[in-house]
Each structure stands twice: as C-alpha cells, then as structure tokens.
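Here is what each chain is made of, one letter per residue.
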Amino acid sequence: MPHLPSFARPEEILLPVKPWFVMLTLILGLLGNLIPVSGVTLRLQPDFLALVLLYWCIQEPRLISVGMAWCLGLVMDVADATIFGQHALAYAVLAYAAEYFRRRVLRFPLWQQAAQVAVLLLFCAALVLLVRVVGGAPIPRWTYAVGPLVGALLWPVVTILLQWPQRPRRSQAEV
Amino acid sequence: MRHISVEPPPFFHRGPSPLARLAFFGLLSLALLFADTRYRYLESVRHAVAVVLYPVQRALQLPGETLAQITSYFSSQSALAEDNAALRQQLLSEAPAVQGYQLLQQENARLRALLNVEKHFQGAATAAEVLYSGRDPFTQKLFVDKGESAGVQPGQAVIDEVGVVGQVTRVFPYMAEVTLLTDKDHAVPVKVERSGVRSVMYGAGSGRLPELRFLSPNVEIQAGDKLLTSGIDGTYPSGLAVAQVVSVERETGQIFARVTCKPLAGVEKSPHLLILGPVAATPQRPEEPAESDTPRKGRGRHRG
C-alpha cells in the first residue's frame, strides 16, 4: 500500500482549529445542499452539510456536538421545505453517533474511515426515512441510498480539504 | 489527541453528557415533528426563513443559468432553423382551430349569458419558470419563480403546453411551491373524455403511475382514454387535459377496477409553466338537512 500523507494516520500533531473556519465550512456545506439541481444530479447529490458536520463531530467534539447539529438540522428543514425537526433529529443522532465512534474511526486509514462514514450516513438517511414513512410518505426508490454513498466516497476529499489549514508549517519546522 | 490541546483536560466540567444532550434534542425534534405535522403552527417561521434564504438560492443558481445561456447562445444555426420550420408548420396546422376559437369564445359567452351561468375560468394566468425541483425525495414538488409578489395564491392550478402539471400549495414572497400530479395522494377530479365518466385521479408517489380509485369494474373506460379535469372541485378549471389511461384491470372478485394512468404534461421536465388564475368561487355546498327533520331511509327502516 502506498504511503498516504499524514492525513491517513495521526502521526503528525495538528495545529488547533480556528472556530471561524469550522463555521465557514459548515455554512459552505449548507450552501452545497442548497445548490438547485434536478434529475440525475439530484439523486447523486450527497448531503454536504451532514458530511462536514460529521467531520467536525469526529475531529472536534468539544466545538461541534449534538446541540449545534440540531440547530443546523433545523435550518436544513426550512431550506428543504420538509417537516420541521426531521433533519434536526437525524443530525442530532448523527452527531451523537460520531462522538461515540470517533476514537474507532480515527484509527483507520482514510478509505476504511469512508466505509464507516458510509454506515453512519446511511443510518442518518434511514432515520429520515423512518420519520417520513411513519408520517405517511411512500417508500422512495433505491436511489435514495445513492446520496449517502456518494457522500462517503467524498470523505477522504473532505478530510484533506478541511485539515489543510491545521497542518503544521513544514518549511518553518525544518528551518 | 491529534492536536496541541488548548482546552482544559477532560476531567473538568464539560456540560451535560452527550447522551443527555441527545435525549434532550431528540425529544425536542419529536415535539417539533408532531407540532408541524398536526397543527402547522410553524408556517410563519418557515415563511420568514424562506425570505432570508431566497437571495442565497438565487445566487447559487446563477452559475448554472449563465452556463446554460452560453451553451444556448452557441447552439447551432441549423438546429434553430429546423426548430423554426417545425414551429411554422405547427402554427399553420393549428391556424383553423385558432381562428375558429375567437368565434367559439364569443358564441360561448353569448350562450353562457343566455343561460346566466357564471364564467368558470377567468383566464388570467401567470407564466412562470421552474427554479428547481424539491430536494425532498418523499414528495413530488417544484419551485417556480413567481410568488406572492406576482399575485399567486395557494390552490391555483399549474399547467404546461400539454396539460395539468399540478397545483400551487405554498406561496412565498418571490416563489411558490407546486405539488405535482404524481405526488402521493394528490387528487384531481377528472372525467373520461370519451364516455364522460367522472372519477378522481390519485398520485402514487415518485416513479409510480397515478390511478383512478373506486371505479366499478363495469364502468365505461379503456386503455388509451384521455382524462380531462371535470372542474367540480373548484380548484382545477374544467376541460384541461390531465392524463391518458394506460391499463384497466378488471379482476373477478375485486370490487373495483384497477385503472392506471400516465400524466400527459411533462410533469417532471417542462421548464416553463402557466399558473392559471383562481377559479370563480363555486357556490357553497348546501347545508345537509338536520337528521331529526328528515330521517334517512336506512335509519327509518331500522326503526320501523
């Protein structure tokens, strides 16, 4: 297996994260969800906000946790014109699951992390499904599961992007 | 720990435990779910947030729109010429009908005046463009670029050039939500063009064809029949094309025939829509006579 950069294993000590950066990425995730698309792209579109939220819940559980996730879910409910509390519930449970499993997830290289993230995202989607089906909605087609899987595939990219500002300045260290 | 820890060590107070927080917020969301589905208390909150989000959504749409404009600008001359020729042909073929229409409308108006019947459809309509389809995979909805500011009201029918697309269900200041025919349990009162049989068409959700329920097996309907709006609900003006019957299954032992239909309009693909003006108010449903005054037949028989 080729040696992945330090993202794969915590060999490197990261710089502390800046709270404004966390907020910025969460807002970008929300905007990613609001991109108006239709047709096939809509089926492929992952829940960017859930993905970014999951990343911060795993990396920075003291900064972002259940309460914040719940609030973001509420915003998502309004933006999507869905039932109030549906995303809020799903995100809150997602944040809790992330906090519970974070030590295990972080032990693995990125691709294996992605597999675990897939399970978490599918669980989040299943929770939304449960809420809606109990409310009388029809069961959607199998394409419903595509979004979360695409999200899991994006996990390594998200990790590398979001960790960029925290990587130690190598040049300074070497000089 | 993966980074230089700047916070106090974890044995200091860190607020309630994650599980407690989850329980709190979980219960709060369940309460919200209940409040929203049961009582619809939260429509005003949704309204306010939608206003704030509107500019953001439009801004996000700009790159895609610009790209589409650029590609259409460079679309080949021949395609345009072909289009033009086809449209001319269509115009010509429809000319007799259009020329006759004026006459028919006048005649109709006179006859209606004679009959003293109110005009059922005022003809005021708003053209709208589809902004995007709803992200919620459980419902079939569209968002269009005309809202309260353009005089759109909930309940107005939405059509495209072929037939009925759906109905406006929620209105925001600058956009409106349209529920499509195919949304689960969305009902449209229809009549069969050929035989005049009245029924109600129910949507069945994404990827499934709408169906006519509660039609007895011996009813005059067959595959290929065209369904028009019957106009008896006061929402859809009468005579709009809705769907075509795809299959009729009459099984012995079943009380009702199973009739599936296919919407005629490009329900999920037409980019331009027409929001029809509100239908003239239908007269109030007459009060049911009180039971004590006129006992129904069935009851009477029991008592007798």
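My aim in this report is to walk through the structure given alongside it, one point at a time. For clarity, every value in this text was computed on a predicted model and none was experimentally measured.

1. A few points about the environment of Cys124 of chain A
All names here are of chain A.
So, step 1. Counting through the fold element by element, Cys124 comes out in helix α6 (residues 110-134).
So, step 2. Using a count of 26 C-beta atoms within 10 Å as the deciding quantity, one classes Cys124 as buried.
So, step 3. With 37 residues separating them along the chain, Cys124 and His87 place their C-alpha atoms 8.8 Å apart.
So, step 4. If we ignore the near neighbours within four places in the chain, the residues touching Cys124 are Ala50, Ala90 and Leu94.

2. Some details on the nonpolar core
Considering soluble globular proteins, one finds that nonpolar side chains tend to be buried as a cluster.
So, step 1. Judged by nonpolar contacts, the single largest core of 49 residues is most densely connected at Leu53, Leu54, Ala69, Tyr91, Ala92, Leu94 and Ala95 of chain A.
So, step 2. For Ala92 of chain A, the residues in contact, after removing those within four places along its chain, are Val66, Ala69, Trp70 and Gly73 of chain A together with Leu22, Phe25, Gly26 and Ser29 of chain B.
So, step 3. Val178, Leu212, Leu264 and Leu276 of chain B belong to the second-largest nonpolar core, a separate cluster that totals 42 residues.

3. Some remarks on unusual backbone geometry
Negative phi characterises most residues that are not glycine, and trans characterises most peptide bonds.
All names here are of chain B.
So, step 1. Even without being glycine, Asp185 reaches a positive phi, approximately 65 degrees.
So, step 2. Look at Asp185 and you get exposed, because 11 C-beta atoms sit within 10 Å.
So, step 3. Of note, Phe214 is a non-glycine position whose phi angle comes to about 60 degrees, a positive value.
So, step 4. Structurally, the position occupied by Phe214 is in strand β8 (residues 211-215).
So, step 5. Accessibility expressed as a C-beta count within 10 Å gives 10 for Phe214, which makes it exposed.

Calculation rules
Residues numbered from 1 in each chain as written. Chains lettered and ligands numbered in written order. Predicted model: local features only at pLDDT ≥ 70, side-chain atom pairs only at ≥ 80, totals over all residues. Helix = DSSP H or I, 4+ residues; strand = E, 2+ residues; numbered from the N terminus. Buried ≥ 20, exposed ≤ 12 C-beta atoms within 10 Å, placed from the backbone. Contact = placed C-beta atoms within 7 Å. Core = buried A, V, L, I, M, F, W, Y, C linked by C-beta atoms within 7 Å.

Without other data, these values stay purely geometric and don't point to any function.
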